[in-house]
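# Structure at a glance
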Number of protein chains: 2
Amino acid sequence: MQQPENSTGQDPAARILAHYLHAQAGEFLRGLRLQREAGPDSRTADEAARALCAAGRRIAATLHTFRPLLDPVWADGLRGELGWLCATLDGEHTCAARLARLLDALHRLSGGRVAPARGEAGTLTVGAARAGALLDRQLTPVRARAHSAALQALGSSRFHAVADAVALLASEVPLAPVAAAPAVEVLTPKALAAEARLERAVAALPLARAARPYNAEALVQESESQDDPWHQVRRLLRLHRYAQDVLHPEPAGPGTQAQLPYASRELDRHREAAGAAAAASGAARTPRIAPATAYALGVLHADQRHEVEAARFAFQRIWQPVAVTTAPTATTAAP
Amino acid sequence: MQQPENSTGQDPAARILAHYLHAQAGEFLRGLRLQREAGPDSRTADEAARALCAAGRRIAATLHTFRPLLDPVWADGLRGELGWLCATLDGEHTCAARLARLLDALHRLSGGRVAPARGEAGTLTVGAARAGALLDRQLTPVRARAHSAALQALGSSRFHAVADAVALLASEVPLAPVAAAPAVEVLTPKALAAEARLERAVAALPLARAARPYNAEALVQESESQDDPWHQVRRLLRLHRYAQDVLHPEPAGPGTQAQLPYASRELDRHREAAGAAAAASGAARTPRIAPATAYALGVLHADQRHEVEAARFAFQRIWQPVAVTTAPTATTAAP
């Protein structure tokens, strides 16, 4: 990626913004070429979809965060279309990943045994096998539909229009007049605003609770109602990271900034585990399932909520590395 | 409690041992008086049973750890009878505590709501209520039988014989000749042996794994097969603490020794949670229960196994306060 020469805060915002968008557009087009080379059901096709989504998300995030510096009609339009595209392309991957996560968990929870090792192991092993079959029956058609939708999207004129728009983006960016001003005056404040939105959202999280491992919130239903604020932080963290990439194309040195991708990954894990937990409890409402199946789904749901809490704990450890962790609790009188 | 004068390692072991056993016998007799004053179904009766068991355990532990310094036939006999008594008196309390623990957990897991707040909450709330009713139906008769057994025991000639033996203990201790030697030569080594047995058992625990919160072992069936080594540590820790009480009647100052009661408490919690988890999975094998009930029992089982892991984590934090905890894992490449 060619660096803008003498990149400083005094550079016009237009230059820095255009540089980033050109680069991401190039990545998108690379994904497009991969997709055209690949057969419809192949690893290359998956890789192509990942590349299209990665670049598409970054472009859309930039159009959102720095919208005042861009042609608003164009920016809103392209952002919406990129959102449609990424959601459609990601759908199959999300389904496949969720089913794999659930089946892996069931395997782990039943100790990886095919036959019961002890009397008590029998219930969970039998139930786990049935639960896995049930989830497979329920999620595989969803995945197949998502696969069809993705194929259909990639062949549609709507997709071709998006591809054309991004191809244009590789050479010109519809900017607003204000983008001619120095970056430090018009670009940086937008990035700071994104960071501020993130910090407000993080401040609203129960991080003190998340910092105490085994805080017994894992399986309480309030934990599930807490998911949305965490999902919001995940989105805002991503927007913040991408905004930082626009301002600072060089990789960050050691320090807080370098930890942000790990924080993002924990929030991704949080979202995946929360979705899997919901799938498990949803499956438990299937009529006429055997008690052993329902039991295994209960254990599975709890396992995934447990992982939600673990992800919150890990996020808090990354986000607040200098926070003083509470000492082991010996808060009541000695027995 | 009257201190032995000039208590040093050169005191005869007999004096220190007798002093401790006299004191515990006095506590046992105090419990006996309480029990005679109380009605059969009252708080005082519970308090009396607790006092009898507490003193009985300490006497039995001393008869075990320092057996070579005592008349062996007498020591073995009394220890066996005290074991019978404590198990019988504790039975009802254990049942009641287990049912209370399970019902509290179900209440907490369903968010404490009577009516479902959201569609998804409905499954667990309905199932939790049924699961609670099922556990109540299964555990209450067990508690009633334990209550009857305790009443029967307290009225039996077997119990009177134990009471008489302990009353004798309040004034004389059947010692072996070797007990005349200085405590440091014959008493202290026995206590050190008890400590060594404890440390060997702790060394066999997977403490490194327990130190990592959310280590994903909570719900794997291997975790349940790991329970016995932890239960063994719980017994050995108790024996070690009581042996220390014999040697050092003064409360310990701040330091490792002062933490041991907290460690014991975590292991008690470990045992209670493991037992409750087993009760939940056992109840799930009841024929013809509704899927919603089985689901709630699965979540409940997971919740209690989660608490088992939390107790292991807490024990490790107390036992190894100077151990270096591993840094937050960022072991793979940045996403």
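Summary of the structure given here. (Residues numbered from 1 in each chain as written. Chains lettered and ligands numbered in written order. Predicted model: local features only at pLDDT ≥ 70, side-chain atom pairs only at ≥ 80, totals over all residues. Heavy atoms only, no water.)

## Thoughts on the packing of helix α11 (residues 256–283) of chain A against helix α12 (residues 291–319) of chain A
All names here are of chain A. At a minimum axis separation of 8 Å, α11 and α12 run at an interaxial angle of 165 degrees. Between α11 and α12, the angle is such that the two are roughly antiparallel. Here the hand of the crossing between α11 and α12 comes out left-handed. Here the contact of α11 with α12 is composed, by residue class, of 19 nonpolar, five polar and five charged. (Axes fitted to C-alpha atoms, helices over the stretch in contact; angles between N-to-C directions. Helix = DSSP H or I, 4+ residues; strand = E, 2+ residues; numbered from the N terminus. Parallel < 35°, antiparallel > 145°, perpendicular 65-115°, else oblique. Left-handed = near helix turned anticlockwise from the far one by under 90°. Nonpolar A, V, L, I, M, F, W, Y, C, P; charged D, E, K, R; others polar.)

## Comments concerning the packing of aromatic side chains
Scanning all chains against the criterion turns up seven aromatic pairs over all chains. Consider the rings of Y214 of chain A and Y214 of chain B, whose centres lie 5.2 Å apart with planes at 25 degrees: the pair is stacked. Of the two residues, Y214 of chain A is situated in the loop between α8 (207–211) and α9 (221–225) and Y214 of chain B in the loop between α8 (207–211) and α9 (221–225); the pairing between them involves two chains. Taken individually, Y214 of chain A and Y214 of chain B each receive the classification buried, so the pair is uniform in this respect. (Phe/Tyr/Trp six-rings, centres within 6.5 Å; stacked < 30°, edge-to-face > 60°. Buried < 20%, exposed > 50% of the residue type's maximum accessible area, 1.4 Å probe, protein only.)

## A closer look at the nonpolar core
Ranked by internal contacts, the top residues of the largest apolar core, which has 64 residues, are L187 and F315 of chain A. With eleven residues, helix α1 (residues 13–37) of chain A is the single largest residue contributor to this core. Those residues within four positions of L187 of chain A in sequence are excluded, and the remaining contacts are A13, I16, L17, F66, L69, V246 and L247 of chain A. Core analysis: the second largest hydrophobic core is formed by 63 residues, L17, A60, F66 and F315 of chain B among them. (Core = buried A, V, L, I, M, F, W, Y, C linked by side-chain atoms within 4.5 Å. Contact = heavy atoms within 4.5 Å.)

## As for the side chain of E266 of chain A
Relative to the helices and strands, E266 of chain A resides in helix α11. Here E266 of chain A falls in the buried class, since its relative accessible area comes to 12%.

## Details of the pattern of salt bridges
All names here are of chain A. A full pass over the atoms with the stated rule returns 34 salt bridges over all chains. When the shortest N-O distance is used, the salt bridge between E92 and R143 registers 3.7 Å. Placement of E92 in helix α3 (residues 72–109) and of R143 in helix α4 (residues 119–154) is noted, with a sequence separation of 51 residues between them. When the shortest N-O distance is used, the salt bridge between R312 and D227 registers 2.7 Å. Separated by 85 residues along the polypeptide, R312 in helix α12 and D227 in helix α10 (residues 227–247) bring together distant segments of the chain. With respect to burial, R312 and D227 carry one shared label: buried. Because the salt bridges share partners, they merge into one network encompassing R101, E266, R269, E272 and E307. (Salt bridge = Lys/Arg side-chain N within 4 Å of Asp/Glu carboxyl O.)

Purely geometric stuff here, so don't read any function into it on its own.
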